[in-house]
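# Remarks on the overall topology
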Amino acid sequence: MRGRAAIADALGRLEPPPRLVDWSLFAVVCAEAVTGLLSFTIGTPAGWPIFWLHRALGFAIVVLIGWKLSRVRNRLLRRRLWQRSTALSVLTLVATVGAISTGVVWVFGLDVRVAYWTVLSVHVGFGLALVPLVVAHVATRFRPPRRVDFEGRRTAAQYAVLLIAGAAVYRLQQGVNALLSAPGEDRRFTGSQPREAEGNDGFPVTSWVADDPDPIDREAYRLSVTGLVAEPRTFTADDLVADDELTALLDCTSGWYTVQEWGGIRVGDLVTAAGGPAAGSGADAGEGAAAGAREPAYVRFVSVTGYRWSLPLSEAEDALLATHVGGDPLSHGHGGPARLVAPGRRGFQWVKWVTRVEVRAERDPAQWVVTLISGFD
Ligand SMILES: Nc1nc2c(c(=O)[nH]1)N[C@H]1C(S)=C(S)[C@@H](COP(=O)(O)O)O[C@H]1N2
Ligand SMILES: [Mo]
């Protein structure tokens, strides 16, 4: 096969020195973890370059791993050459292959499931496992990069070719997807696939990790609106009359999205009903608030489970505290009696089973951790 020989030859000529391949792999895996996690926070199309970069870097890993494997093949295949660190190397390789293959399957739009998880969630699992593995792998065979590894122009050219090839592969892949007009057709820039039916049964119930409260008794349910408001108030479920409607798109990081007609109360009206935002008042305006005036700047939505998220005040005012979807009361699974609908935000920020709305002065960095562990006893 002349074509294959030519490609192998071209790749061989591009191949950087071994140490550079290794350090590039390390850097690219770290960059993949960062862009992957960052992509989870992006809900509006302006953030597309992060998704693009994540794919191009994925392609770079494939090429780099190819060079690396052709170098260490003998060491891996001959058992008697195994050292203690080889097991770790193999594990790292398995996680890499797992992350890449699930990534490729996902990009091509196949809607495969592994038990309860979507292929995207499995991809995230492999990716997260890969980070400590790669760090440990680097630690066992640490060889610092050396100046001689970087051949100036040549190195730069090699990397430029890699990136351009990555972009070309990405375009090609889009073309293939269009040709097959696979389930990929209606995917968002986030890669999420549509769930098109209306109402409670039209989209999956998805909870983050372990959040799974008992159904909330409507009679016993109370919603408090507190913090930096003039007159903190408590509402019953019947007080929450669904006067407002909002069509909004929920895009879950496990890879699906749905557009629904949500009914409920504009958060701005809820805050107004509690006297409106008020500087410096309210005992629980925020931990560690310095003495002196505390200006209302954020609204924090807290679930009965402790799960929580906050939005800047002006954004929160236009968000909806939803009690209905598709004309029906929200089911328990979807967060009834009331959940946050935050247009332009990813699904994990749409807090379900909201029991507290707090106007605060500070942002809430701990929310990133709380959403991960909430629900574990
Ligand atoms: N309290 C709470 N709210 C939550 C979650 C959760 O685990 N607990 N999961 C979030 C995630 S990851 C998504 S995608 C949406 C899913 O909403 P749904 O179950 O109505 O589809 O709810 C969000 N709100
Ligand atoms: Mo999600």
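Up top you'll find the structure we're talking about.
Let me sum up the structure you'll find in this document.

### Observations concerning the site of ligand 1
The full set close to ligand 1 counts 22 residues, and Pro204, Trp208, Asp211, His334 and Lys352 are the nearest of them. With respect to ligand 1, the side chain of Asp211 contributes an N or O atom lying 2.7 Å from a nitrogen atom. Take Trp350: an N or O atom from its main chain is 3.0 Å from a nitrogen atom of ligand 1. Surface burial for ligand 1 is 100%, taken as the share of its 530 Å² of free accessible area covered by protein chains. Of the residues that constitute the shell around ligand 1, the class distribution is 12 nonpolar, 7 polar and 3 charged.

### What to know about the nonpolar core
It is characteristic of soluble globular proteins that their nonpolar side chains tend to be buried jointly. The biggest cluster of nonpolar side chains holds 43 residues, and the ones touching the most others in it are Leu223, Leu240, Trp262, Leu270 and Phe301. Here the element with the most residues in this core is strand 10 (residues 320-325); it accounts for 4 residues. Other than its neighbours up to four places away in sequence, Phe301 contacts Val267, Tyr307, Arg308, Trp309, Leu311, Ala316, Leu340, Val351, Val354, Arg356 and Val357. One finds Ile61, Leu130, Val134 and Val138 within the second-largest nonpolar core, a separate group that totals 19 residues.

### Observations regarding the environment of Val304
Its place among the elements puts Val304 in the loop between strand 8 (298-303) and strand 9 (308-312). Under the relative-accessibility criterion, Val304 is labelled partly exposed at 44%. Expressed as a C-alpha distance, the spacing of Val304 and Thr355, which sit 51 residues apart in the sequence, is 5.7 Å. Excluding anything up to four places from it in sequence, Val304 contacts Pro213, Ile216, Trp353 and Thr355.

### Focus on the pairing of strand 8
Burial runs high along strand 8: 6 of the 6 residues are buried. Note: strand 8 against strand 9, 5 bridges, orientation antiparallel. Residue pairing across strands places Tyr298 opposite Pro312, the latter belonging to strand 9. The hairpin formed by strand 8 and strand 9 contains 4 residues between the paired strands, and Gly306 there has a positive phi angle of roughly 100°. Sheet topology note: the strand 8/strand 13 (residues 354-360) ladder contains 6 bridges and is antiparallel.

### What to know about the packing of aromatic side chains
The full count for this structure, using the stated rule, is 8 aromatic pairs. Ring centres 6.1 Å apart and planes at 40° place the aromatic pair Phe203 and Trp256 in the tilted group. In this pair, Phe203 sits in the loop between strand 3 (193-194) and strand 4 (222-227) while Trp256 sits in strand 7 (residues 256-266), placing the two residues 53 residues apart along the sequence. Each member of the pair, Phe203 together with Trp256, is buried. Joined through ring pairs, the aromatic side chains of Phe203, Trp256, Trp262 and Trp350 make up one cluster.

### Things to note about a nonpolar patch on the surface
Where nonpolar side chains cluster on the molecular surface, the patch consists of Val104, Phe108, Leu110, Val112, Val176, Leu179 and Leu180 and spans about 630 Å² of accessible area. Broken down by element, the nonpolar patch gets its largest block of residues, 3 residues, from helix 6 (residues 153-180). On the secondary structure map, Val112 appears in the loop between helix 4 (84-107) and strand 1 (113-114). The exposure class of Val112 is partly exposed, given its relative accessible area of 40%.

### Details of the pattern of salt bridges
All told, the structure shown has 12 salt bridges when counted by the stated rule. In this structure, Arg346 engages Asp251 in a salt bridge whose closest nitrogen and oxygen atoms are separated by 3.4 Å. Linking Arg346 in the loop between strand 12 (339-341) and strand 13 with Asp251 in strand 6 (residues 244-252), this pair joins segments that are 95 residues apart in sequence. Take Arg346 and Asp251: they sit in the same class, and that class is buried. The shortest N-O distance in the salt bridge between Asp269 and Arg266 comes to 3.1 Å. In this structure, a network of salt bridges that share partners links the residues Arg300, Arg308, Arg356, Glu358 and Asp364.

Cut-off values and rules
- Residues numbered from 1 in each chain as written.
- Chains lettered and ligands numbered in written order.
- Predicted model: local features only at pLDDT ≥ 70, side-chain atom pairs only at ≥ 80, totals over all residues.
- Heavy atoms only, no water.
- Near = heavy atom within 4 Å.
- Polar contact = N/O pair within 3.5 Å; in protein donor to acceptor, adjacent residues only side chain to side chain.
- Areas by Shrake-Rupley, 256 points an atom, 1.4 Å probe, with all protein chains shown as cover.
- Nonpolar A, V, L, I, M, F, W, Y, C, P; charged D, E, K, R; others polar.
- Core = buried A, V, L, I, M, F, W, Y, C linked by side-chain atoms within 4.5 Å.
- Buried < 20%, exposed > 50% of the residue type's maximum accessible area, 1.4 Å probe, protein only.
- Helix = DSSP H or I, 4+ residues; strand = E, 2+ residues; numbered from the N terminus.
- Contact = heavy atoms within 4.5 Å.
- Pairing = 2+ DSSP bridges.
- Phe/Tyr/Trp six-rings, centres within 6.5 Å; stacked < 30°, edge-to-face > 60°.
- Patch = residues over 30% accessible without salt bridge, like charges linked within 9 Å, V, L, I, M, F, W, Y side chains within 5 Å.
- Salt bridge = Lys/Arg side-chain N within 4 Å of Asp/Glu carboxyl O.

Bear in mind that shape data such as this cannot, by itself, settle questions of function.
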